[in-house]
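Descriptive analysis of the structure
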Amino acid sequence: MSFKNKVIYQIYPKSFQDSNGDGWGDIQGIISRLDYLKELGVDCLWLNPMTLSPQKDNGYDVANYREIDPRYGTMADFESLIKEANRRDMTIMLDMVFNHTSTEHEWFQRALKGEKKYQDYYFFRDGSPDKPITNWQSKFGGPAWQYVPSINKWYLHLYDVTQADLNWDNPEVRRECADIVRFWMNKGVKGFRFDVVNLISKANVEEDDPNLFDGRQFYTDGPHVHEYLKELNENSFGKDPSIITVGEMSSTSIENCVKYAGFDAHELSMVFSFHHLKVDYHNQKKWELQEVDFPLLKSILNSWQIGMQENDAWNALFLNNHDQPRSVSRFGDDQVYRKESATMLATIMHLMRGTPYIFQGEEIGMTNAYFHHIDDYVDVESRNYFSIMKEEGKKEEEIYAILQERSRDNARTPMQWTREENAGFTSGKPWLKVNANYNEINVEEERMDEHSILAYYKQLIQLRKKMPLIQDGIYEPLYENHPSLFAYKRKLKDEEIIVLANFYKENIHLDEAFDGYRMLLSNVDKEIYNQQLGPYEVAVLIKE
Ligand code: NOJ
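Residues take numbers from 1 onward in each chain, read along the sequence in its written order. Only residues with pLDDT of 70 or above have their local features reported here, since the model is predicted, and side-chain atom pairs are shown and tallied only from 80 upward, although totals for entire chains, interfaces and linings are computed over all residues. Based on all heavy atoms of the structure, the side-chain values leave hydrogens and waters out of the count.

1. Concerning a negative patch on the surface
Operational definition: Candidates for patches are residues over 30% relative accessible area with no salt bridge; among them, like charges are joined within 9 Å and nonpolar side chains (Val, Leu, Ile, Met, Phe, Trp, Tyr) within 5 Å. Surface accessibility follows the Shrake-Rupley procedure with a 1.4 Å probe radius. Residue values consider only the protein chains on display as shielding. By definition here, a salt bridge exists when the distance from a side-chain nitrogen of Lys or Arg to a carboxyl oxygen of Asp or Glu is within 4 Å. Note that His is not counted, nor are the chain ends; the positive residues are Lys and Arg, and the negative ones are Asp and Glu. In this description, the location of a charge corresponds to atom NZ of lysine, CZ of arginine, CG of aspartate or CD of glutamate. Runs of E in the DSSP output that reach at least two residues are strands. Runs of H or I that reach at least four are helices, and both are numbered from the N terminus. Partly exposed describes any residue whose relative accessible area lies between the buried limit of under 20% and the exposed limit of over 50%, with all areas from a 1.4 Å probe on protein chains only and scaled to the type maximum.
Residues Asp449, Glu450, Asp525 and Glu527 make up a contiguous surface patch of negative charge. As for its placement among the helices and strands, Glu450 is situated in the loop between helix H15 (443-448) and helix H16 (453-466). Of the residues examined, Glu450 reaches a relative accessible area of 68% and is grouped as exposed.

Structure representation (structure tokens):
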């Protein structure tokens, strides 16, 4: 399988590198950083959407699937990005947002003009103007239905009101989507990430959620989703075995992911699931803070490793992306033990069974932004919830404490390249403020230090490439009930490695001496395993 030895790097183009001083990252900016990415050792670059968009949800509101938004550059720039990446043995993965379109998309605009054909591309329903069709809630807050007075109809939007859900039960919609994938394949794109793709098949959009929840039971891993993905595979990317695909799965189950990403399933290469990134949600609610539930984190990661392994299916491995707070701030200590915690977290992810994803800046230990003024936040979800929490009566101080932990803008601040103004991201005014710590945390500094987080990531990436055991070995959890240690074994024939990671700053002593093993990798430069793990220390042992 072409993806087992690969490492994928996620670029958030808007925040990666600006080349023309307008404060937005762009394609020429990415091209200018390809040597850095090559040096890091990654194989494939996943780019968040750069197609034409009003940017209500930073490009996840697509107005034209075949046009590059001029703020990022031109189609010629994109073609040269593919060429330049390929020249360095890297490929490009694009984000396909097929659950919804922007309401500015031509299909939606024609639907609004009354064209029945395009109304059938979406979920338009007749109803009284004062009562939404169902009680479903949008994932960004508020009702999931919007009324359009000019045509006396409601339409469904699981996300922002400007992101109208597409009706995949309509074969025309499925044909259009396959056509779009083929369009990008013809340009030389070798990977696709499908946005919230397990939401595309809705059971009954006219049924109320009896539990007064948000309605997700009616559309998560819906009735025809596997059929539709098989069809998309057959009509587009399935024709080229070198293409890597990954589906973003919202609130899914192992059972379904085995079907999405089973080796013989003919759906996708792998899946992003998110249960392990909800272990600090109080009552399952993103906007209610709680300490990380470490035993739960361990048991979720272990059960996904084993569940997918036992069924010959494949996980995408990640703790960071453009929707998540920075992992070093969330699971580690981003002050005193920033280096130790960033490298420990990277180790446990990279040595698991699956394909690791690095989100830009993770490789230098970028932290949460900790903005404390609403004007500094740009993200639609953060801004909506700011108002919602205010209406609920929360004090501003409390709301900022929550946003500082949970806002997606924590991940989206510009990439920190140097100590120059705006961290070398732009010579203009950045679209989102640069994290104030760029003087200490930046690529330039990291590159000069051979013991840096960056240097450690390079080692991890090379280990995967060198060791079939990391690509193919069996995963076995260890110390499942230990309160602060995350540990596992990987095995392939006679080879074995053991990963021992201290998730906290208190020292751990282990009784086991692991005779017959030697140190393969240590994030604190220890040469010999001494049964002790200091703050956020990780030791990787290999059987001699
Ligand atoms: C998931 C994407 O990662 C997120 O950024 C976006 O807001 C939603 N899907 C809606 O497209």
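2. Quick word on the pairing of strand S5 (residues 91-96)
Successive residues of a regular strand alternate their side chains across the two faces of the sheet. Just so we agree on the cut-off: By the convention used here, strands pair only if DSSP detects at least 2 bridges between them.
In terms of burial, S5 is largely enclosed, as five of its six residues are buried. As defined by bridge partners, strand S2 (residues 44-47) adjoins S5 across four bridges and the pair is classed as parallel. Within the sheet, the bridge partner assigned to Leu45 lies in S5 and is Ile92. Across four bridges, the pairing between S5 and strand S11 (residues 191-194) is parallel. Its bridge partner lying in S11, Leu94 is registered against Phe192.

3. Regarding the domain arrangement of the protein chain
Put simply, the rule is: Segmentation into domains, and thus their bounds, comes from an automatic or database assignment.
Domain boundaries assigned for the protein chain yield domain 1 (106-165), domain 2 (171-314) and domain 3 (471-543). The straight-line distance from the C-alpha centre of domain 1 to that of domain 3 is 53 Å.

4. Topic: the side chain of Asn170
This is how it is decided: Any two residues having at least one pair of non-hydrogen atoms within 4.5 Å are treated as being in contact.
Along the chain, Asn170 turns up in the loop between strand S10 (163-165) and helix H6 (171-186). Relative accessible area serves as the criterion here: at 12%, Asn170 is assigned to the buried category. Residues within four places of Asn170 in sequence aside, it is in contact with Asp120 and Tyr121.

5. Details of the site of the ligand
For clarity, the threshold we go by: One heavy atom within 4 Å of a molecule or strand makes the whole residue count as near it. The definition of a polar contact used here is a pair of N or O atoms within 3.5 Å, where within protein one atom must be able to donate a hydrogen and the other to accept one, and adjacent residues in sequence count solely through side-chain atom pairs. Only protein atoms enter the 1 Å grid, on which a cavity is a set of points fitting a 1.4 Å probe that cannot get out and a pocket is an open set with protein on both sides within 12 Å along at least 5 of 7 lines, lining residues being those with an atom within 4 Å of a point. To decide whether a molecule occupies a pocket or cavity, check its atoms: if more than half lie within 2 Å of the grid points, it is inside. Under the convention adopted here, Pro, Cys and the residues Ala, Val, Leu, Ile, Met, Phe, Trp and Tyr are nonpolar, Asp, Glu, Lys and Arg are charged, and Gly plus all remaining residues are polar.
Of all residues adjacent to the ligand, which total 14 residues, the nearest are Asp57, His100, Asp195, His322 and Asp323. In the model, an oxygen atom of the ligand is placed 2.9 Å from a nitrogen or oxygen of the His100 side chain. Contact with the protein chains removes 98% of the 300 Å² of surface that the ligand exposes when unbound. Put simply, the ligand lies in the largest pocket. Residues that form the shell around the ligand fall into these classes: four nonpolar, three polar and seven charged. Counting contributing residues per domain, the shell around the ligand is built from domain 1 (106-165) and domain 2 (171-314), each supplying no fewer than three.

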